[in-house]
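# Structural description and commentary
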Amino acid sequence: MLLATLADVRLPAASEARHALDFIGDPVVALLIATVYSFISLGLMQGIKHDAILKFTNECLAPTATILLVIGAGGAFNQVLKDSGVGAYIAQLAKASVFSPIILAWTIAALIRVATGSATVSMMTSAGIVAPIAAASPGTDLELLTLATGAGSLILSHVNDSGFWMIKEYFGMSLKETFLTWTAMETILSVVALVFILVVDVVI
């Protein structure tokens with residue numbers, strides 16, 4: 001990927017070498033090469049049999065399917081919101097609202113996060129809703145709006161969040177302990193981030 005970046009900077013657009021490096025440096029191809037290389041260097045060269053490598057591969061790569069499904073679902077839901085006009089309708093409401101677009105972005109992301117349990121889905125869906133708000137609110141700092149959306153997507157991690165259960169199981173905590181630590185930490189982080197973003201918005 002680094003070679004592809006250097007090729008884009010140093011080599012002319014018509015260069016065959018640049019096309020080859022761009023192909024190898026594509027994130028999907030680069031990750032595939034790294035994965036295959038790991039099979040050889042960390043597997044076969046260490047005396048690990050093919051069956052064991054296949055077993056490790058299934059265990060390691062299977063969770064990525066869930067991540068891809070979540071991201072895909074978030075993107076699909078985002079497009080549904082755009083095509084249905086919900087985002088534009090919310091933007092019209094936001095124009096007449098007394099609330100800051102930053103607070104609206106944080107609130108929308110927080111509500112979706114609590115409902116779906118996924119920070120990724122929350123951010124992707126909120127982005128589709130917040131984009132028309134940003135377009136309808138001249139002068140809104142897009143960087144702060146992005147940070148507010150990200151901050152809202154962290155709040156109140158609870159039982160519908162896979163991360164909640166990972167923390168619980170890894171540290172051997174009870175549900176109550178996980179709520180009092182992980183959920184509380186995520187919520188404090190989200191709220192404090194919003195406060196800092198609003199302070200920066202006032203200063204700049």
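To keep things clear, this report deals only with the structure shown in the data block. Sequence order as written defines residue numbering, which begins from 1 separately in each chain. Selection of residues for local features in this predicted model requires a pLDDT of at least 70, selection of side-chain atom pairs for listing and counting requires 80 or more, and totals for whole chains, interfaces and linings are taken over all residues. The basis for every side-chain value is the complete set of heavy atoms in the structure, and neither hydrogens nor water enter the calculation.

## A few points about a nonpolar patch on the surface
Patch membership is restricted to residues that have no salt bridge and whose relative accessible area is over 30%. Joining uses 9 Å for like charges and 5 Å for the nonpolar side chains Val, Leu, Ile, Met, Phe, Trp and Tyr. In this description, accessible areas are obtained by the Shrake-Rupley approach with a 1.4 Å probe, and a residue is regarded as covered only by the protein chains that are shown. A pair is scored as a salt bridge if a Lys or Arg side-chain nitrogen falls within 4 Å of a carboxyl oxygen belonging to Asp or Glu. Among the surface-exposed residues, Val191, Val195, Val199, Val200, Val203 and Ile204 lie close enough to one another that they form a single nonpolar patch of about 520 Å² accessible area. Numbering of helices and strands starts at the N terminus; helices are DSSP runs of H or I of at least 4 residues and strands are runs of E of at least 2. Looking at where Val195 falls in the secondary structure, it is placed in helix H10 (residues 175-203).

## Topic: the nonpolar core
What makes a nonpolar core is a set of buried Ala, Val, Leu, Ile, Met, Phe, Trp, Tyr and Cys residues whose side-chain atoms join them at distances within 4.5 Å. Only protein chains enter the accessibility calculation, which uses a 1.4 Å probe. A residue is then buried if its area is under 20% of the maximum for its type, exposed if over 50%, and partly exposed in between. Counting residues in each nonpolar core, the largest one holds 13 residues, and the members touching the most others are Ile102, Trp106, Leu145, Ala148 and Ile197. Going through the elements one at a time, helix H6 (101-116), helix H7 (119-136), helix H8 (142-152) and H10 are the ones with two or more residues in this core. Working rule for contacts: check all heavy atoms of both residues, and any pair within 4.5 Å makes them a contact. Beyond its immediate sequence surroundings of up to four residues, Ile197 is in contact with Ile102, Leu144, Leu147, Ala148 and Ala151.

## Re the packing of aromatic side chains
Each Phe, Tyr or Trp ring (for Trp, its six-membered ring) is paired with any other whose centre lies within 6.5 Å, and the angle between the two planes then decides the class: stacked below 30 degrees, edge-to-face above 60, tilted in between. With the rule as written, the count across this model stands at 1 aromatic pair. Taken together, a centroid distance of 5.0 Å and an interplanar angle of 50° make the contact between Phe164 and Phe179 tilted. Here Phe164 is found in helix H9 (residues 162-170), whereas its partner Phe179 is found in helix H10, with 15 residues between them in sequence. Under the relative-accessibility criterion, Phe164 is labelled buried at 0%.

Just distances and angles here, no functional claims.
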